[in-house]
Amino acid sequence: MLNYTHDIPTVIHFGKGQISRLDESLRPYGKRVLLAYGGGSIKKIGLYDEVMEILNKGGYIVTELAGIEPNPRIESVEKGVELCKQNGVDVILAVGGGSTIDCAKAIAAGVYWEGDDLWEMVTSKHGTLKALPLVDILTLSATGSEYDGGGVISNMKTNQKIGKSFTFPAVSICDPTYTFSVSKYQTAAGSADIMSHILENYFSRTDDSDLADGISETVLKSVIRNLPIALKEPDNYSARANLMADSSIACSGIPAYGKQGTGWSCHAMEHQLSAYYDITHGVGLAILTPRWMRYILRKDPSCTGRFVRFARNVWGLDGEDEQALAMAGIDALEAFFTESGIPMTLTALGIGTEHFEDMANQANGGGRLSNAYVSLTCEDVVAIFHDCL
Ligand code: NZQ
Ligand code: ZN
């Protein structure tokens, strides 16, 4: 087990009715609020009205940034920074899924970014930045953006989608009832994202981090149990609540405690698919993950033991033949995604081979996947994309 340092400065208010904490969450930071949200789902579910009533009652001065896109664009970040500067905003309130929260994080940091080019902030190397305080209300269980410092911003002109550390939310209000309205497609995609955040750490060379592996297996089993319920009964509180709690833990760094870095290969590859084709992040991950697993198992049989553990502890499978068991665990994961209604090939998304080389070069920029759990070259990445057709 390796050394680790961990610091999450975010307060989570979890559960039904926790919006009652909104006023006390914003009040310490000031009265001028940038209310950031997406394409309108928060209006459809009545959450916008609920938020505005609290803000009006509390005497807040509200500036709105509406229309933040899934896979949020640099242009939305620029617009938000301008609004914050023009209106002397004290605190940002992001209401929505990971895209809205990510965009709000980049805006919060962008306000203090010296220099005119905010894309440079996204592309340059840095840790967490000086930023405006950020409070969020989460409406989709997926990314874990409510409990980490990262944000992923896209530039469709350059076909780049880049994840960076910006700032942690000061407070995240996580009320599972706001996710009752999430479509089957986004519910399944979000759950695949949660699972991928766990799997990207679980498949590591460190085998003796019992706490991290135990938490990881518990989160995976929770998603396997609760996703089918949420798909069948969208307003099942228990299922939605478990998925929301899973979301926050999965990307928090806790499942990586004491473990060797892994390169997050599937995320590196998926961000290229989103950058070129604007696809839903979790769908891309669901397509890639089983193919990546089969590929690395073939390439490096020394990881068979980890896959056997995955098959046994997560899927409850058994058998004498280790190779067959390892493959059965991967098959179970792929079948689970298929049964959840996720289109499981790139072809089904209208994606062909045309950009495979470019995407592989970007995913492996600077040879960064050479340090992955199983080292990958650009040729390996192209081969994995082919396996996904
Ligand atoms: O825009 P609105 O109208 O709100 O609709 C959204 C959007 O169309 C809708 N939605 C959200 N909450 C809803 C709802 N629809 C009905 N009822 C609700 N309660 O769902 C659609 C997708 O929303 P989005 O925010 O894009 O989804 P998600 O939370 O999956 O975020 C995806 C983004 O986060 C990044 C991804 O790459 C992608 O850009 N990630 C962020 C991470 C982080 N910050 O740590 C890590 C992840 O690995 C990921 O890369
Ligand atoms: Zn993800």
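Quick caveat: nothing in here was measured; it's all calculated off a predicted structure. (Residues numbered from 1 in each chain as written. Chains lettered and ligands numbered in written order. Predicted model: local features only at pLDDT ≥ 70, side-chain atom pairs only at ≥ 80, totals over all residues. Heavy atoms only, no water.)

This part covers the coordination of the zinc ion (ligand 2). The coordination sphere of the zinc ion (ligand 2), as far as protein atoms go, consists of Asp 193 (OD), His 197 (NE2), His 267 (NE2) and His 281 (NE2), spread over 2.0 to 2.2 Å. Each donor residue of the zinc ion (ligand 2) belongs to the same chain, and together they define the spacing D-x3-H-x69-H-x13-H. Of this pair, Asp 193 and His 197 both sit in helix H7 (residues 184–202), 4 residues apart, which is roughly one turn of the helix. You'll find Asp 193 and His 197 in the same group, each marked buried. (Donors = N, O, S within 2.8 Å, 3.2 Å for Na, K, Ca; no water. Helix = DSSP H or I, 4+ residues; strand = E, 2+ residues; numbered from the N terminus. Buried < 20%, exposed > 50% of the residue type's maximum accessible area, 1.4 Å probe, protein only.)

Attention shifts here to the site of ligand 1. Residues in contact with ligand 1 amount to 30 residues; listed here are only the nearest, Ser 41, Gly 98, Ser 99, Asp 148 and Ser 181. Between ligand 1 and the protein, one listed contact pairs a nitrogen atom with a backbone N or O atom of Tyr 178 at 2.8 Å. In the model, a nitrogen atom of ligand 1 is placed 2.7 Å from a nitrogen or oxygen of the Ser 181 side chain. Compared with its free state, where it exposes 950 Å², ligand 1 has 88% of that area covered by protein. Grouping the amino acids of the shell around ligand 1 by side-chain chemistry returns 8 nonpolar, 18 polar and 4 charged. (Near = heavy atom within 4 Å. Polar contact = N/O pair within 3.5 Å; in protein donor to acceptor, adjacent residues only side chain to side chain. Areas by Shrake-Rupley, 256 points an atom, 1.4 Å probe, with all protein chains shown as cover. Nonpolar A, V, L, I, M, F, W, Y, C, P; charged D, E, K, R; others polar.)

As a further point, take the packing of helix H10 (residues 265–277) against helix H11 (residues 281–299). When two helices pack together, their arrangement is given by the angle between the helix axes and by the axis-to-axis distance. Direction vectors running N to C along H10 and H11 enclose 135°, while the axes themselves pass 9 Å from each other. As judged from the angle between their axes, H10 and H11 are oblique. Crossing of H10 over H11 shows right-handed handedness. Of H11, the residues touching H10 (which contributes Ser 265, Cys 266, His 267, Met 269, Glu 270, His 271, Leu 273 and Ser 274) are His 281, Gly 284, Leu 285, Leu 288, Thr 289 and Trp 292. Partitioned by chemical class, the residues of the contact of H10 with H11 number 6 nonpolar, 7 polar and 1 charged. (Axes fitted to C-alpha atoms, helices over the stretch in contact; angles between N-to-C directions. Parallel < 35°, antiparallel > 145°, perpendicular 65-115°, else oblique. Left-handed = near helix turned anticlockwise from the far one by under 90°. Contact = heavy atoms within 4.5 Å.)

Here we come to the domain arrangement of the protein. Domain boundaries assigned for the protein yield domain 1 (11–178) and domain 2 (183–387). With 26 residues of domain 1 at the interface, the matching set in domain 2 holds 26 residues. Roughly 2,000 Å² is buried in total at the junction of domain 1 and domain 2, and carbon and sulfur atoms are behind 57% of that figure. Counting across the interface, domain 1 meets domain 2 through 1 salt bridge. Here Arg 73 ties to Asp 278 by a salt bridge, and the two come within 2.9 Å at their closest N and O atoms. (Domains from an automatic or database assignment. Buried area = accessible area lost by both parts, 1.4 Å probe. Salt bridge = Lys/Arg side-chain N within 4 Å of Asp/Glu carboxyl O.)

This part is about the nonpolar core. Residues Phe 203, Trp 292, Met 293, Phe 307, Phe 310 and Phe 337 are the most contacted members of the largest nonpolar core, which totals 68 residues. The residues touching Trp 292, leaving out its near neighbours within four places in the chain, are Phe 203, Ser 265, Cys 266, Met 269, Tyr 373, Leu 376 and Ile 384. With 33 residues, the next largest nonpolar core counts Ala 36, Leu 65, Ile 107 and Trp 119 among its residues. (Core = buried A, V, L, I, M, F, W, Y, C linked by side-chain atoms within 4.5 Å.)

When you line up the elements, Thr 63 lands in strand S3 (residues 61–65). Exposure remark for Thr 63: the relative accessible area of 13% places this residue in the buried category. With residues up to four places along the chain from it excluded, the contact list for Thr 63 reads Val 33, Leu 34, Leu 35, Leu 83 and Asn 87.

Another aspect to go through is a nonpolar patch on the surface. A grouping of Met 1, Tyr 4 and Leu 211 is seen on the molecular surface, where their side chains present a nonpolar patch of about 310 Å² in accessible area. The topology assignment puts Leu 211 in helix H8 (residues 210–232). (Patch = residues over 30% accessible without salt bridge, like charges linked within 9 Å, V, L, I, M, F, W, Y side chains within 5 Å.)

It is worth spelling out the sheet that holds strand S8 (residues 171–174) at this point. Reading across from one edge, S1-S8-S5-S4-S2-S3 is the order of the 6 strands in this open sheet, with parallel pairing throughout. The outermost strands of the open sheet, each flanked by one partner alone, are strand S1 (11–14) and S3. Recorded for the sheet is a direction-independent mean angle of 20° between the axes of neighbouring strands. Relative to strand S4 (residues 91–96), strand S2 (residues 32–37) is paired through 5 bridges, and the arrangement is parallel. If you follow Leu 34 over to S4, its bridge partner there is Ile 92. Those strands touched by helix H4 (residues 74–87) are S2, S3 and S4, and its axis lies near 160° from that of S3. (Pairing = 2+ DSSP bridges.)

For the rest of this paragraph, the subject is the packing of H8 against helix H12 (residues 304–315). Relative orientation of the contacting elements H8 and H12 amounts to 50°, with a least axis distance of 9 Å. Taken together, the axes of H8 and H12 are oblique relative to one another. The hand of the H8/H12 crossing is right-handed. Across the interface between the two elements, Asp 213, Glu 217, Leu 220, Lys 221 and Ile 224 from H8 touch Arg 306, Arg 309, Phe 310, Asn 313, Val 314 and Trp 315 from H12. Residues belonging to the contact of H8 with H12 are distributed by class as follows: 5 nonpolar, 1 polar and 5 charged.

Turning to the state of the cysteines, a few remarks are in order. Counted by the stated rule, this structure contains 0 disulfides. Considering cysteine sulfurs only, Cys 251 is the nearest to Cys 174, which forms no disulfide, with 14 Å between them. Taking the relative accessible area as the measure of exposure, Cys 174 reaches 0% and is therefore buried. Left unpaired, Cys 378 is separated from the closest cysteine sulfur, that of Cys 266, by 16 Å. (Disulfide = S-S within 2.5 Å.)

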